Amino acid sequence: RYRDANPYYHAWLAQQAQEEGDWWLALRNYEKALSLAPQDSRLLYDLGMTYSRMGETVTAAAYVRQAMDTATLRSEIAAYRKQLRLLQHRQLVGT
């Protein structure tokens, strides 16, 4: 089916899972979305933030860094950089 090959359908499913608090299902759906659109900086960022919500700040920072590296819009790069700094600070203080 078309929607199974659509990365944004899987991203939408991930967002629905997040709203339900099902972080593992959200991860699976973001990973599927990224397998279909591996250079999509927003998907990379959203996956990183899902890891952050699960307390996995090292993994979260890696995905946010990758999102920052693949983004093309200055506004996105700036937003990702800001979030990366927050994640790095959380790693330092251990929260």
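Here the structure is a predicted model, which is why all the values come from computation and not from measurement. (Residues numbered from 1 in each chain as written. Predicted model: local features only at pLDDT ≥ 70, side-chain atom pairs only at ≥ 80, totals over all residues. Heavy atoms only, no water.)

Caption draft 1: Quick look at the side chain of Gln83. Counting through the fold element by element, Gln83 comes out in helix α5 (residues 74–93). Excluding its chain neighbours within four sequence positions, the residues that come into contact with Gln83 are Tyr45, Met49 and Val64. (Helix = DSSP H or I, 4+ residues; strand = E, 2+ residues; numbered from the N terminus. Contact = heavy atoms within 4.5 Å.)

Caption draft 2: Molecular detail of the side chain of Asp40. Mapped onto the fold, Asp40 is located in the loop between α2 (23–36) and α3 (41–53). Although buried, Asp40 forms no salt bridge, and the nearest oppositely charged side chain, Arg42, lies 7.0 Å from it. Among the polar contacts listed, one links the side chain of Asp40 to the backbone nitrogen of Leu43, at a separation of 3.1 Å. Residues within four places of Asp40 in sequence aside, it is in contact with Tyr8 and Leu34. (Buried < 20%, exposed > 50% of the residue type's maximum accessible area, 1.4 Å probe, protein only. Lys, Arg positive; Asp, Glu negative; His and termini not counted. Salt bridge = Lys/Arg side-chain N within 4 Å of Asp/Glu carboxyl O. Polar contact = N/O pair within 3.5 Å; in protein donor to acceptor, adjacent residues only side chain to side chain.)

Caption draft 3: Local environment of the pattern of salt bridges. For the coordinates displayed, the defined rule picks out 1 salt bridge. With its nearest N and O atoms 3.2 Å apart, the salt bridge here joins Arg42 to Asp46. Linking Arg42 with Asp46, this pair stays in helix α3, spanning 4 residues, or about one helical turn. Here Arg42 falls in the partly exposed class, since its relative accessible area comes to 45%. The buried category is assigned to Asp46, whose relative accessible area is 12%.

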